[in-house]
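Letter by letter, the chains look like this.
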There are 2 protein chains.
Amino acid sequence: MQDQQQTLSLYMDWMSQPSRCVAIFCMINKIPVDISEVKILKGQLRSQEYKRINPNMRVPTIKDGKFVLYESHAILKYLIASRAQYIPEHWYPKDIKERALVDQYLDWHHTNIRNAGMYIFNYFVLPSLGIQSKQNKETIYKLFIQSLKMIDTIFLADKPYIASKEKATIADLSCYCEITQVNLIDFDFSPYPNILKWMQRLTAEYPQLVEGHQPFMKFVQKIKEKQNL
Amino acid sequence: MQDQQQTLSLYMDWMSQPSRCVAIFCMINKIPVDISEVKILKGQLRSQEYKRINPNMRVPTIKDGKFVLYESHAILKYLIASRAQYIPEHWYPKDIKERALVDQYLDWHHTNIRNAGMYIFNYFVLPSLGIQSKQNKETIYKLFIQSLKMIDTIFLADKPYIASKEKATIADLSCYCEITQVNLIDFDFSPYPNILKWMQRLTAEYPQLVEGHQPFMKFVQKIKEKQNL
């Protein structure tokens, strides 16, 4: 029994990009996990019960024994450090410079490509629920497009993965889960050929990426049917 | 000569919070550094010369030999990993759970308290230059205030540092450099008593925080004089 991994509790919503990223990472690496869904669109982030677990009222959150942690990138790094014997090193290389380039992308991600999800949430999800966004549409869209260009022409210009020439890292998973959010608007990726090839490469190598997006794709289908009524 | 540290090149602007954070970290830990100022308000981020160094056109960037890295949090972690013998461990603890809590704050920082700087830049710096912001003032201000409350009542509620009960970590430096940006508007911190005490504690322990803010404070003074004309 000594070699058995402790089951992790994961509080998440399949509609949330960072939640999917952690869940898919656990699927790929066979980390035993107990999933509790916290549905954002049903207001469950603000329930007293969830607030006691994560006062920041966002998903994902993990509980590993008594240890509680939120923020998806911090969670991925913690899982890799605490379960090193089960997880291949390529996800977060130990080499100082290689690791720094993964960290660089993961930090860049927050204030750049996260605008993909922001744009979709504010201009497609909220209106489909009859709620008007207060954000500036033009600014968010501009940041989102700039970020896609940066991924296509810088991060993926000279290598098959976002932050590595060799194998996928957690930077690829986080980026992929964010970008797929634009499926809600039939986004045309043809101006970004490196992103297109990279998405095909990743899903071929990790079919869990497709599997982990099924609940979200069902939701996409439902919203589209509603728009076509 | 073997034990001598390689001098780091740091491209930065003293007006930029993440730039100050890296420069102050180097001051505190006596990391030899060659500073090249890249002045944001003079448009120097977009110069061809700087774009060749950092295609993301932001500051800070470091060059360590031939290795180029941007994003302040990734830079801090890289400096700690590559110069472990010169830097006390408390800045980024090796213990897996302690480190995870520092990472958690650093990720949270990007999409939350970074709105302090966003708010100040868009509503005080840009207008003082005759430029109108396209961002939604109300949304950014709300996020900024929510973030301050979270720092005061969650991160600093039961401990003297943002992510540690023992000593300052890089989470404290990054948070401090962001929050000081509001000096531009004579912000009243009295509703946030834990933040006030923490700022006093940090500057008493690390006077380099005050020293590293002098060019910025001179700029604050200049803007205020202009407003009073």
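Computed from a predicted structure; not experimentally measured.

Chemist: Outline the side chain of D103 of chain A, listing residues and values.
Modeler: As for its position among the elements, D103 of chain A is in helix α4 (residues 96-111). Classification of D103 of chain A by relative accessible area gives buried; the value is 3%. Aside from chain neighbours lying at most four places away, what touches D103 of chain A is K77 and Y92 of chain A together with A74 and K77 of chain B.

Chemist: Can you explain the relation of the copies chain B and chain A? Please cite residues and give values.
Modeler: At an RMSD of 0.0 Å, chain B and chain A line up after a rotation of 180 degrees and a shift of 0.0 Å along the axis. The symmetry that links the two subunits is that of a two-fold axis.

Chemist: Could you give me a rundown of helix α1 (residues 17-28) of chain A, with the residues and numbers involved?
Modeler: All names here are of chain A. For α1, spanning 12 residues, the distance from its first C-alpha to its last is 16 Å, which sits close to the expected 16 Å at 1.5 Å a residue. With 11 of 12 residues buried, α1 is to be regarded as a mostly interior element. Every buried residue of α1 is accounted for by Q17, P18, S19, R20, C21, V22, A23, I24, F25, C26 and I28. Once α1 ends, the next one or two residues include K30, with phi positive near 50 degrees.

Chemist: Any details on the pattern of salt bridges? Residues and values, ideally.
Modeler: Once the charged atoms of two side chains with opposite charge are near each other, the side chains can pair. Residue and element names in this part refer to chain B. Summed over the entire model, instances satisfying the criterion amount to 12 salt bridges over all chains. For the salt bridge of K77 with D103, the shortest nitrogen-to-oxygen distance reads 2.9 Å. Taken together, the positions of K77 in helix α3 (residues 72-82) and D103 in helix α4 (residues 96-111) put the pair 26 residues apart, joining distant regions of the chain. With respect to burial, K77 and D103 carry one shared label: buried.

Chemist: Can you tell me about α3 of chain B, naming the residues and giving the values?
Modeler: In terms of burial, α3 of chain B is a largely internal element, 9 of the 11 residues being buried. All of the buried residues along α3 of chain B are S72, H73, A74, I75, L76, K77, Y78, L79 and I80 of chain B.

Chemist: Got a sec to walk through the sheet that holds strand β4 (residues 67-70) of chain A? Specific residues and values, please.
Modeler: Residue and element names in this part refer to chain A. Pairing is mixed in the open sheet, where 4 strands are placed in the order β2-β1-β3-β4. Bordering the open sheet on either side are β2 (33-37) and β4, each of which pairs with just one other strand. The average angle at which neighbouring strand axes cross in this sheet is 20 degrees, direction not considered. On the sheet, α1 packs against β1 (8-12) and β2 and is oriented at approximately 150 degrees with respect to β1.

Chemist: Quick one: what's the story with the packing of aromatic side chains, residue by residue and with numbers?
Modeler: All names here are of chain A. Taken as a whole and judged by the stated rule, the model has 32 aromatic pairs over all chains. Grouping aromatic residues by their ring pairs yields a cluster made of Y119, Y123, F124, Y141, F144, F187, F189 and Y192. For R20, the ring lying beneath its charged end belongs to F216, and the centroid distance is 4.3 Å.

Chemist: Before we move on, can you summarise the UniProt feature "domain: GST N-terminal" (unreviewed entry) in chain A with the specific residues and values?
Modeler: With numbering matched to this structure, UniProt assigns "domain: GST N-terminal" (unreviewed entry) to residues 6-87 of chain A. Helix makes up 35% of residues 6-87 of chain A and strand 22%, with an end-to-end C-alpha separation of 14 Å.

Chemist: Kindly report on a nonpolar patch on the surface, identifying the contributing residues and their values.
Modeler: Residues and elements named next belong to chain A. Together, L41, F121, L129 and I131 give the surface a local cluster of nonpolar side chains, amounting to about 330 Å² of exposed area. Tracing the backbone through its elements, the reader meets L41 in the loop between β2 and α2 (48-53). In this structure L41 comes out as partly exposed when scored by relative accessible area, which is 38%.

Chemist: Break down the sheet that holds strand β4 (residues 67-70) of chain B for me, with residues and values.
Modeler: Residue and element names in this part refer to chain B. With respect to topology, 4 strands assemble into an open sheet ordered β2-β1-β3-β4, the strand pairing being mixed. A single partner strand is all that each edge strand has here, and the edge strands are β2 (33-37) and β4. Direction aside, neighbouring strands of the sheet carry axes that sit 20 degrees apart on average. Alignment of strand β3 (residues 61-64) against β4, held across 4 bridges, turns out to be antiparallel.

Chemist: Any chance you could break down the interface of chain B and chain A for me, citing the residues and the numbers?
Modeler: Between chain B and chain A, the contact holds 33 residues from the first and 33 residues from the second. When chain B packs against chain A, the two sides together hide about 3,100 Å² of surface, and 58% of this comes from carbon and sulfur. Linking chain B with chain A are 0 salt bridges, by the criterion used here. Where chain B meets chain A, there are 10 residue pairs in polar contact (both at pLDDT 80 or more). At 10 residues, α4 of chain B tops the list of elements feeding residues into the side of chain B that touches chain A.

Chemist: For the environment of E178 of chain B, give the residues involved together with the corresponding values.
Modeler: All names here are of chain B. For E178, the position within the fold is in helix α7 (residues 170-179). Through-space distance from the C-alpha of E178 to that of I195 is 13 Å; in sequence the pair is 17 residues apart. Beyond its immediate sequence surroundings of up to four residues, E178 is in contact with Q17, H109, I113, R114, A116 and G117. Polar side-chain contacts of E178 include one of 2.9 Å to the side chain of Q17.

Chemist: Kindly report on the pairing of strand β3 (residues 61-64) of chain A, identifying the contributing residues and their values.
Modeler: Residue and element names in this part refer to chain A. As defined by bridge partners, β1 adjoins β3 across 3 bridges and the pair is classed as antiparallel. When the sheet's bridge partners are listed, L10 is paired in β3 with I62. Counting the residues between successive antiparallel strands, the hairpin from β3 to β4 contains 2 residues, one of them, G65, with a positive phi of roughly 70 degrees.

Chemist: Tell me about a negative patch on the surface, residues and numbers included.
Modeler: Residues E89, D95, E98 and E166 of chain A make up a contiguous surface patch of negative charge. Inspection of the secondary structure assignment puts D95 of chain A in the loop between α3 (72-82) and α4.

Chemist: Give a detailed account of the domain arrangement of chain A, specifying residues and quantitative values.
Modeler: Residue and element names in this part refer to chain A. Partitioning chain A into domains gives domain 1 (8-87) and domain 2 (91-228). Here the C-alpha centre of domain 2 lies 19 Å away from the C-alpha centre of domain 1. Each partner contributes to the interface: domain 1 provides 18 residues, whereas domain 2 provides 27 residues. Between the two partners, domain 1 and domain 2, sit 1 salt bridge. At the boundary of domain 1 and domain 2, one finds 11 residue pairs in polar contact (both at pLDDT 80 or more). Of all the secondary structure elements, the ones that give two or more residues to the side of domain 1 that touches domain 2 are α1 and α3. Element by element, the count of residues in the side of domain 1 that touches domain 2 is highest for α1, at 8 residues. Class assignment of the residues belonging to the side of domain 1 that touches domain 2 gives a composition of 12 nonpolar, 3 polar and 3 charged.

Parameters at a glance
Residues numbered from 1 in each chain as written. Chains lettered and ligands numbered in written order. Predicted model: local features only at pLDDT ≥ 70, side-chain atom pairs only at ≥ 80, totals over all residues. Heavy atoms only, no water. Helix = DSSP H or I, 4+ residues; strand = E, 2+ residues; numbered from the N terminus. Buried < 20%, exposed > 50% of the residue type's maximum accessible area, 1.4 Å probe, protein only. Contact = heavy atoms within 4.5 Å. Least-squares fit on C-alpha atoms with pLDDT ≥ 70 in both. Expected span 1.5 Å × (residues − 1). Salt bridge = Lys/Arg side-chain N within 4 Å of Asp/Glu carboxyl O. Pairing = 2+ DSSP bridges. Axes fitted to C-alpha atoms, helices over the stretch in contact; angles between N-to-C directions. Phe/Tyr/Trp six-rings, centres within 6.5 Å; stacked < 30°, edge-to-face > 60°. Lys NZ or Arg CZ within 6 Å of the ring centre and 35° of its normal. UniProt positions renumbered as here; feature names shortened; annotations may be inferred. Patch = residues over 30% accessible without salt bridge, like charges linked within 9 Å, V, L, I, M, F, W, Y side chains within 5 Å. Areas by Shrake-Rupley, 256 points an atom, 1.4 Å probe, with all protein chains shown as cover. Buried area = accessible area lost by both parts, 1.4 Å probe. Polar contact = N/O pair within 3.5 Å; in protein donor to acceptor, adjacent residues only side chain to side chain. Lys, Arg positive; Asp, Glu negative; His and termini not counted. Charge placed at Lys NZ, Arg CZ, Asp CG, Glu CD. Domains from an automatic or database assignment. Nonpolar A, V, L, I, M, F, W, Y, C, P; charged D, E, K, R; others polar.

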